[in-house]
Amino acid sequence: MKTLVIHHDDCLRHDPGPRHAERAERIGAVLKAVSGVPGIELLPAPKATPEQLQRVHPADYWERLCSLEPEPNPAVGPASERVALDPDTWLSPGSLNAALRGSGAACFAVDQIYAGRARNAFCVTRPPGHHAGAASAMGFCLLNHVAVAARHAQAGHGARRVAILDFDVHHGNGTQAIFENDAQVLYVSSHQVPLYPGTGFAAETGCGNVLNLPLAPGSGSADFRRAWLQRGLPELERFAPDLVIVSAGFDAHQRDPLAQLELQDADYAWITAEIRALAEAACGGRLVSVLEGGYDLDALASASAAHVQALIA
Ligand SMILES: [Zn+2]
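In this report, we go over the structure that sits alongside the text. (Residues numbered from 1 in each chain as written. Predicted model: local features only at pLDDT ≥ 70, side-chain atom pairs only at ≥ 80, totals over all residues. Heavy atoms only, no water.)

## Some remarks on the pattern of salt bridges
Stated precisely, the cut-off is as follows: What makes a salt bridge here is a side-chain nitrogen of Lys or Arg within 4 Å of a carboxyl oxygen of Asp or Glu, nothing more. Numbering of helices and strands runs from the N terminus; a helix is a DSSP stretch of H or I covering at least four residues, while a strand is a stretch of E covering at least two. Per-residue accessibility, obtained with a 1.4 Å probe over protein chains only, is compared with the maximum for each type, and a residue is labelled buried under 20%, exposed over 50%, and partly exposed between these values.
Inspection of the entire model under this criterion finds 15 salt bridges. Between E51 and R55 there is a salt bridge, with the nearest N and O atoms lying 3.6 Å from each other. Residues D298 and R255 are paired through a salt bridge, measuring 3.5 Å at the closest nitrogen-oxygen approach. Of this pair, D298 sits in helix α9 (residues 297-312) while R255 sits in the loop between β9 (243-248) and α8 (265-283), and the two are 43 residues apart along the sequence. Residue class for D298 comes out exposed when judged on its relative accessible area of 54%. Each of D10, R13 and R101 takes part in a single network of salt bridges with overlapping partners.

So this is what it looks like as structure tokens:
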């Protein structure tokens, strides 16, 4: 059984500005690192359908984004073709197609895995999604791809219980907000505290379905593995999911410029192997991973390659 790597060139066209950390080169770095891994199949991402989006994002939110997205205009400079939704989050011509490919990739991955055509998948798309709420763009994110995929698995494939695991260095406040009253979806996140977006404390537990594993600045491999071994992974096992979705951010890497955790490539291989083993025990290995952050191109490349190798192994 194969591991799919799902991508689309539309994801390169979202342009949040020349000095923005979340840049198109991230995708090239990941694809270059993972496309030579034996056992993967590279497939193009479709766009998410309105039906898929609206299970999470209200139609009027999407229409507002569409009304704000600038038209391509070769007569003006690129800077004047961008619209700020907040100080970090921008719309350029092409941003919404990029975001649609991100949510579409995650739904397509769910379809392929439920059809038995792949064991698991890694969606190499941008902009990322885990800060996006149902009706709020935030923190580089426009659409919450893992949330759209979770609802798609429930509505389209009969998944009852979906676990979303998030090892991005930032707390996935959007994902938590979308599911915090839904006991059928588990959300477990390790992240640095204090750090943007200022949420993700251990006291935030949703309806008993949210487990936050805050890590102090300077935490490294031992702290990360202890948190997942003692809390996160047992919670995943207890939940007995029908599908596991991973918000795979690589910005807790020691080299990343946006945060102060000290993870190494081997930690990404380790957490991926642990999650994959629990997915195999709980749900036939059904696992969809979606790229979130990761802003040092070399670290992003090597850590995502370690992630994909552990998905295949
Ligand atoms: Zn992040």
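## Looking at the packing of aromatic side chains
Formally: Ring pairs shown here join Phe, Tyr and Trp side chains whose ring centres sit within 6.5 Å, with only the six-membered ring taken for Trp; geometry is labelled stacked below 30 degrees between planes, edge-to-face above 60, and tilted in between.
This structure, assessed with the given rule, holds six aromatic pairs. Centre to centre, the rings of F167 and Y268 are 5.7 Å apart; their planes meet at 55°, and the pair counts as tilted. On the criterion of sequence distance, the pair formed by F167 in the loop between β6 (162-166) and α6 (173-179) and Y268 in helix α8 is long-range, its members being 101 residues apart. The buried category is assigned to Y268, whose relative accessible area is 0%.

## Some remarks on the nonpolar core
Cut-off, in case you're wondering: Here, nonpolar core refers to any group of buried Ala, Val, Leu, Ile, Met, Phe, Trp, Tyr and Cys residues whose side-chain atoms link them within 4.5 Å.
One finds F122, F167, W228, V244, F250 and I275 to be the most contacted residues of the largest nonpolar core, which totals 46 residues. If you look at the next biggest cluster of nonpolar residues, it comprises 45 residues, including L65, V162, I245 and V288.

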